[in-house]
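Residue-level structure breakdown
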Amino acid sequence: MNAVIVVDHPAVQDRLTTLRRRETPPAVFRATLREIARFLAYEATRTLPIRSVPIETPMAPMDAPVFAEPPPIVLSILRAGNGLLDGVLDVIPHASGAFLGLARDHVTLQPIEYCWKVPEQVAGRPVFVVDPMLATGNSAVAAIERIRALGPSSVTLIALVAAPPGVARVHEVHPDVPIVVAAVDPILDHRGYIVPGLGDAGDRIWAT
Ligand code: URA
């Protein structure tokens, strides 16, 4: 069974409130989302493998830990995923970026793919799928399926706010994928929006 890790640290929750406020302007929204993404990534990357290398401090030689190869991949579900991307890359700067463009059919709420750009080698690399809003779970499930077909060593989902049906759907299809979020809100409305949520994350990030 996979875990839902809710990062309830005050530094995250205070920033989440900034993001939820209707009056927060896009520039503040983007900067705050990037900050929260660092905290979420910090939690999500906790089990990344490390290896020891011999180094010298000014005082003595020692074996010190560094990230192990191969480098991870951060898969952004366009377009809102890009709001989390830079913050996650701040924590794992050696990672590669990957992009999946999914538009949501507003009637069926099913994802329609319009972009797929990933590194040549995915096999054996840890993947972090990023999308701020885990609503129905349809986009996340589609992204995880798509990247899994290429044989990554692990997949972790990083979202900002989730709704229970989205969590349940990812659980059902990908029980071994951990989900890292800042909050699980109670309601998914009939249009597929999370309530209280923060509105349309893409619109709020990109001022559309
Ligand atoms: N996508 C969003 O941007 N917001 C929601 O509340 C749900 C899905």
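Summarised in this report is the structure supplied together with it. Numbers given for residues are sequential positions, taken from 1 along each chain in its written order. Side-chain atom pairs in this predicted model are given and counted only at pLDDT of 80 or more, local residue features only at pLDDT of at least 70, and totals for whole chains, interfaces and linings cover all residues. In computing side-chain values, all of the structure's heavy atoms are included and hydrogens and water are not.

Here we take up the environment of Ile112. By the secondary structure assignment, Ile112 is in strand β6 (residues 111–117). In this structure, the C-alpha to C-alpha distance between Ile112 and Ile55, residues 57 residues apart in sequence, is 49 Å. Between two residues, a contact is recorded if the distance between any of their heavy atoms is within 4.5 Å. If we ignore the near neighbours within four places in the chain, the residues touching Ile112 are Gly101, Leu102, Ala103 and Asp105. Going along the chain from the N terminus, every DSSP run of H or I of four or more residues is numbered as a helix, and every run of E of two or more is numbered as a strand.

Moving on, we get to the nonpolar core. Nonpolar cores are built from buried Ala, Val, Leu, Ile, Met, Phe, Trp, Tyr and Cys residues. Side-chain atoms within 4.5 Å join them into one set. For every residue, the accessible area obtained with a 1.4 Å probe (protein chains only) is divided by the maximum for its type, and the residue is called buried under 20%, exposed over 50%, and partly exposed between those limits. Counting 34 residues, the largest nonpolar core has Leu40, Val88, Leu160 and Leu198 as its most contacted members. Of all the secondary structure elements, the ones that give two or more residues to this core are α1 (10–20), α2 (26–44), α3 (82–91), β7 (126–130) and α6 (201–206). Setting aside anything within four residues of it in sequence, one finds Leu198 in contact with Leu19, Arg20, Phe29, Met133, Leu160, Val161 and Arg204. If you look at the next biggest cluster of nonpolar residues, it comprises 24 residues, including Leu75, Ala140, Val141 and Ile144.

Here a salt bridge means any side-chain nitrogen of Lys or Arg lying within 4 Å of a carboxyl oxygen belonging to Asp or Glu. Enumeration according to the criterion identifies 11 salt bridges in this entry. In this structure, Arg34 engages Asp90 in a salt bridge whose closest nitrogen and oxygen atoms are separated by 3.0 Å. With Arg34 in helix α2 and Asp90 in helix α3, this residue pair connects regions lying 56 residues apart in the sequence. Between Arg191 and Asp189 there is a salt bridge; the shortest N-O distance is 3.6 Å. It is possible to trace a salt-bridge network through shared partners that takes in Arg34, Arg38, Asp86 and Asp90.

What makes a residue near a molecule or strand is one non-hydrogen atom of that residue sitting within 4 Å of it. Every residue lining the ligand is accounted for by Arg104, Met133, Ala135, Gly192, Tyr193, Ile194, Gly199, Asp200 and Ala201. Within 3.5 Å is the distance limit for a polar contact, defined as a pair of N or O atoms, with the added protein rule that one can donate a hydrogen and the other accept it, and that residues adjacent in sequence qualify only through two side-chain atoms. Within the backbone of Ile194, a nitrogen or oxygen atom sits 2.7 Å from an oxygen atom of the ligand. All accessible-area figures derive from a Shrake-Rupley calculation using a 1.4 Å probe, and residue coverage is judged against the displayed protein chains alone. Look at the ligand: alone it shows 240 Å² of surface, and the protein chains cover 90% of it. Polar here means any residue other than Ala, Val, Leu, Ile, Met, Phe, Trp, Tyr, Cys and Pro, which are nonpolar, and Asp, Glu, Lys and Arg, which are charged; Gly is therefore polar. The residue inventory of the shell around the ligand, partitioned by class, reads 5 nonpolar, 2 polar and 2 charged.

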